[in-house]
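Architecture and fold: a report
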Amino acid sequence: MLNALEKAKVFLEALPYLKAYDRRFVVIKIGGSTMTDQKILPAVVRDVVYLEQVGIWPILVHGGGPRITEEMERRGMQATFVKGRRVTDEATLEIAQKILIDEISANVVRLIEAEGGKAISLNGRGSGYLRCHKKVFPDDPAMDLGYVGEIDSTDPELAHRMLLGGIIPVVAPIARGPEKHLYNVNADSVAWKIASELKAEKLIYLSNVPGILRDKNKPETLISSATLAECDELMNTNVIVGGMIPKIEACMLALQNGVRKTHVISGLQEHSLLLEIFTPEGIGTEIRM
């Protein structure tokens, strides 16, 4: 009986959040170990399906850079990066499409369906969902990364209609550019752009770390909340470094463009999504205005 009462208490505590997020968009970016661990990814997908079943509208955005590099190396190709962006020629773009759309998106859709949900892969190849322009560097016009794009827009109405029909969009960062050519775009940028155009309630980045740490080797130094100004200071003082920089910058851009709340949380902790959405404490780091 005590166990049953504890379960009832959990349901009651979640009720205000179910009301607050009913038919609200939550954009979730997954990457890193979340994508490659055979135990973690199905658990994350299970939580996403749960969100959709209780009336929240989740959109999944994923990356896949390490898998693209692995496939390139398997084919005897050398991956080249400039300013953190992968130089993408025709052969690399073909690999990126194969990995991101035909493998990762397709696998996530299968996992969602195995949990009783419905999902469809969205990108710029099968539709005009993601549109971009070629990435250029005004300070260095001679620099050419090939088919690397900068996201311009998404199709909010398409995502809205899918979720109204109980279908979870699974978004791969392949966008359609000028003359309908495809481009490889940054998944973190895609996530914040989708969230801003939908005026999402939340944008959540699942990371390999718990959030922003003052000392990357000490989880107990987690910063639970930071303003935009504080994030600028943390980047200037090299507290936020490496792969965390684009995530935090994306959170900041999202907040400046209509998203209500943004978070960086651990994708390695079981049920981290549910803990973030349905508990007053939350987990990870919340970026706020």
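Above this text is the structure in question.
Report on the accompanying structure. For clarity, every value in this text was computed on a predicted model and none was experimentally measured. (Residues numbered from 1 in each chain as written. Predicted model: local features only at pLDDT ≥ 70, side-chain atom pairs only at ≥ 80, totals over all residues. Heavy atoms only, no water.)

Right, let's talk about the nonpolar core for a bit. If you look at the biggest cluster of nonpolar residues, it comprises 44 residues, and the most contacted ones within it are Val 27, Ile 59, Val 171, Ile 194, Leu 203, Ile 248 and Ile 287. When residues of this core are traced back to their parent elements, those giving at least two are β1 (25-30), β2 (57-62), α6 (156-164), α7 (187-198), β11 (202-207), α8 (228-236) and α9 (244-256). Apart from residues lying up to four places away in sequence, Val 27 is in contact with Ile 59, Val 61, Ala 191, Ile 194, Ala 195, Ala 200, Lys 202, Leu 203 and Ile 204. Formed by 43 residues, the second largest nonpolar core is a distinct cluster that contains Ala 14, Leu 41, Ile 104 and Ile 168. (Core = buried A, V, L, I, M, F, W, Y, C linked by side-chain atoms within 4.5 Å. Buried < 20%, exposed > 50% of the residue type's maximum accessible area, 1.4 Å probe, protein only. Helix = DSSP H or I, 4+ residues; strand = E, 2+ residues; numbered from the N terminus. Contact = heavy atoms within 4.5 Å.)

With that settled, consider the side chain of Ser 105. Mapped onto the secondary structure, Ser 105 falls in helix α5 (residues 90-114). Note on Ser 105: relative accessible area 0%, which makes it buried. A polar contact is formed between the side chain of Ser 105 and the side chain of His 62, at a distance of 2.6 Å. Those residues in contact with Ser 105, other than ones at most four positions away along the chain, are His 62, Leu 100, Ser 121, Val 170 and Ala 172. (Polar contact = N/O pair within 3.5 Å; in protein donor to acceptor, adjacent residues only side chain to side chain.)

Take the packing of α8 against α9 next. Here α8 crosses α9 at 160°, and the two axes come no closer than 11 Å. In terms of their interaxial angle, α8 and α9 are classed as roughly antiparallel. Our pair here, α8 against α9, has a crossing hand that is left-handed. Judged by residue contacts, Leu 228, Cys 231, Asp 232 and Met 235 of α8 engage Ile 245, Ile 248, Glu 249, Met 252, Leu 255 and Gln 256 from α9. When grouped by side-chain class, the residues that make up the contact of α8 with α9 number seven nonpolar, one polar and two charged. (Axes fitted to C-alpha atoms, helices over the stretch in contact; angles between N-to-C directions. Parallel < 35°, antiparallel > 145°, perpendicular 65-115°, else oblique. Left-handed = near helix turned anticlockwise from the far one by under 90°. Nonpolar A, V, L, I, M, F, W, Y, C, P; charged D, E, K, R; others polar.)

Hydrogen bonding along the main chain pairs the strands of a sheet, whether they run parallel or antiparallel. Pairing in this open sheet of eight strands is mixed, and the strands run β5-β8-β2-β1-β11-β15-β16-β14 from one edge to the other. Of all strands in the sheet, those with a lone pairing partner are β5 (118-122) and β14 (225-227), marking the two edges. The sheet shows a mean angle of 20° between the axes of neighbouring strands, direction not considered. As defined by bridge partners, β14 adjoins strand β16 (residues 285-288) across three bridges and the pair is classed as parallel. Bridging across to β16, Ser 225 finds its partner in Glu 286. Each of β1, β2, β5 and β8 (167-171) touches α6; the most contacted strand, β8, lies at about 140° to it. Sitting on the sheet, α8 touches β14 and β16, and the angle it makes with β14 is about 95°. (Pairing = 2+ DSSP bridges.)

In this section: the pairing of β8. Consecutive residues of a regular strand have side chains that alternate between opposite faces of the sheet. The buried fraction of β8 is high, at four of five residues. In terms of strand pairing, β2 meets β8 through two bridges, oriented parallel. In the sheet register, Leu 60 faces β8, and the bridge partner there is Val 170. The pairing of β5 with β8 spans five bridges and is parallel.

A separate point is the pattern of salt bridges. In the structure shown here, the tally under the stated rule is 17 salt bridges. Between Lys 29 and Asp 188 there is a salt bridge, and its shortest N-O distance comes to 3.2 Å. With Lys 29 in strand β1 and Asp 188 in helix α7, the pair connects residues that are 159 residues apart, well separated along the chain. There is no split in this pair, since Lys 29 and Asp 188 are both buried. The shortest N-O distance in the salt bridge between Glu 115 and Arg 46 comes to 3.3 Å. Residue Glu 115 is located in the loop between α5 and β5, and its partner Arg 46 is located in helix α3 (residues 40-53); the two are separated by 69 residues in the primary sequence. By relative accessible area, Glu 115 is classed as partly exposed at 32%. What you see here is one network of salt bridges that share partners, running through Arg 67, Glu 70, Lys 98 and Glu 103. (Salt bridge = Lys/Arg side-chain N within 4 Å of Asp/Glu carboxyl O.)

All right, on to the environment of Asp 47 then. Within the secondary structure, Asp 47 is located in helix α3. Taking the relative accessible area as the measure of exposure, Asp 47 reaches 4% and is therefore buried. Linking Asp 47 and Asp 102, residues 55 residues apart in sequence, is a C-alpha distance of 23 Å. When neighbours within four sequence positions are excluded, Asp 47 is seen to be in contact with His 271, Ser 272, Leu 273 and Leu 274. Reaching out from Asp 47, the side chain makes a polar contact with the side chain of His 271 at a distance of 2.9 Å.

On their own, these measurements won't tell you what the molecule is for.
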